[in-house]
Amino acid sequence: MVGNLAEDPELRFTTSGAALAKFSVASTPRSYDKTTGQWQDGTAMFLRCTAWRDLANHVAESLTKGMRVVVTGRLRQHNWQNEQGENRSMLALEVDDIGPSLRFATAKIERVQRTASVPAPANDAWNTATPAGAAPAPGNEPPF
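In this report, the structure presented in the accompanying data block is examined. (Residues numbered from 1 in each chain as written. Predicted model: local features only at pLDDT ≥ 70, side-chain atom pairs only at ≥ 80, totals over all residues. Heavy atoms only, no water.)

1. Here's the deal with the overall build of the chain
The number of helices and strands found in the chain is 1 helix and 8 strands. The N-to-C order of helical and strand elements in the chain reads β-β-β-β-β-β-α-β-β. A burial count over the chain gives 19% of its 144 residues as buried. If you take every contact in the chain between residues at least 6 apart in sequence, the share linking residues at least 24 apart comes to 53%. (Helix = DSSP H or I, 4+ residues; strand = E, 2+ residues; numbered from the N terminus. Buried < 20%, exposed > 50% of the residue type's maximum accessible area, 1.4 Å probe, protein only. Contact = heavy atoms within 4.5 Å.)

2. Some points on the nonpolar core
When a protein is soluble and globular, its nonpolar side chains tend to lie buried together. Judged by nonpolar contacts, the single largest core of 16 residues is most densely connected at F23 and I98. Sorting the residues of this core by element identifies β3 (19-27), β6 (45-52), α1 (53-62), β7 (68-81) and β8 (87-100) as the ones contributing at least two each. The element that contributes the greatest number of residues to this core is β3, accounting for 4 residues. Sequence-distant contacts of I98, that is, excluding residues within four places in its chain, are made with F23, L55, V59, L63, V69, V70 and V71. (Core = buried A, V, L, I, M, F, W, Y, C linked by side-chain atoms within 4.5 Å.)

3. Quick notes on the pairing of strand β1 (residues 2-5)
Pairing of β1 with β7 involves 3 bridges; the strand directions are antiparallel. In the strand pairing of β7, G3 is matched with V69. Relative to β3, β1 runs antiparallel, the two being bridged by 2 bridges. For L5, the partnering residue across the bridge sits in β3 and is V25. (Pairing = 2+ DSSP bridges.)

4. Regarding the packing of aromatic side chains
According to the stated counting rule, one finds 1 aromatic pair in the structure shown. Measuring from ring centre to ring centre gives 5.4 Å for Y32 and W39, while their planes differ by 65°; the resulting arrangement is edge-to-face. Taking relative accessible area as the criterion, Y32 reaches 45% and is therefore assigned partly exposed. (Phe/Tyr/Trp six-rings, centres within 6.5 Å; stacked < 30°, edge-to-face > 60°.)

5. Considerations on the layout of surface pockets
Of the voids in this model, the largest pocket is the one considered here, and its volume is about 830 Å³. For the lining of the largest pocket, the secondary structure elements donating two or more residues are α1 and β8. The element contributing the most residues to the lining of the largest pocket is α1, with 6 residues. For the lining of the largest pocket, the per-class residue count stands at 11 nonpolar, 5 polar and 9 charged. (1 Å grid on protein atoms, 1.4 Å probe; cavity = no way out; pocket = protein on both sides within 12 Å on 5 of 7 lines; lining within 4 Å. Points joined across faces, edges and corners; volume = space filled by probe spheres on them. Nonpolar A, V, L, I, M, F, W, Y, C, P; charged D, E, K, R; others polar.)

In structure tokens form, the structure reads like this:
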């Protein structure tokens, strides 16, 4: 989904300490009307989104209301009954990945160092860590 954040992400924590960020993304389709020579807005769709753990923290630190974002994830349908006994349902997106849209903006990416419980293999081409006791090679910075 591509759209704009309708609100600042709200960072919460579960009782077990897991971070979650809740936010809504608004997506409004636009089409060009050749007869009037103007753009027409379609019906806006607001989708409630939830990001978990490290992603939730990154969302809360990086994104704010109004930013255009690209979001991927899994649609989930939630069903419930309201106080009057009426059946209700809504679609929500469990976020797998999210980032700023670069169509009309630029972004500076800052890589976050993670603490891995399992060390990366020594022959891993993406492993940029310097071996213990070794001096870093000059110019041995990752290209991103």
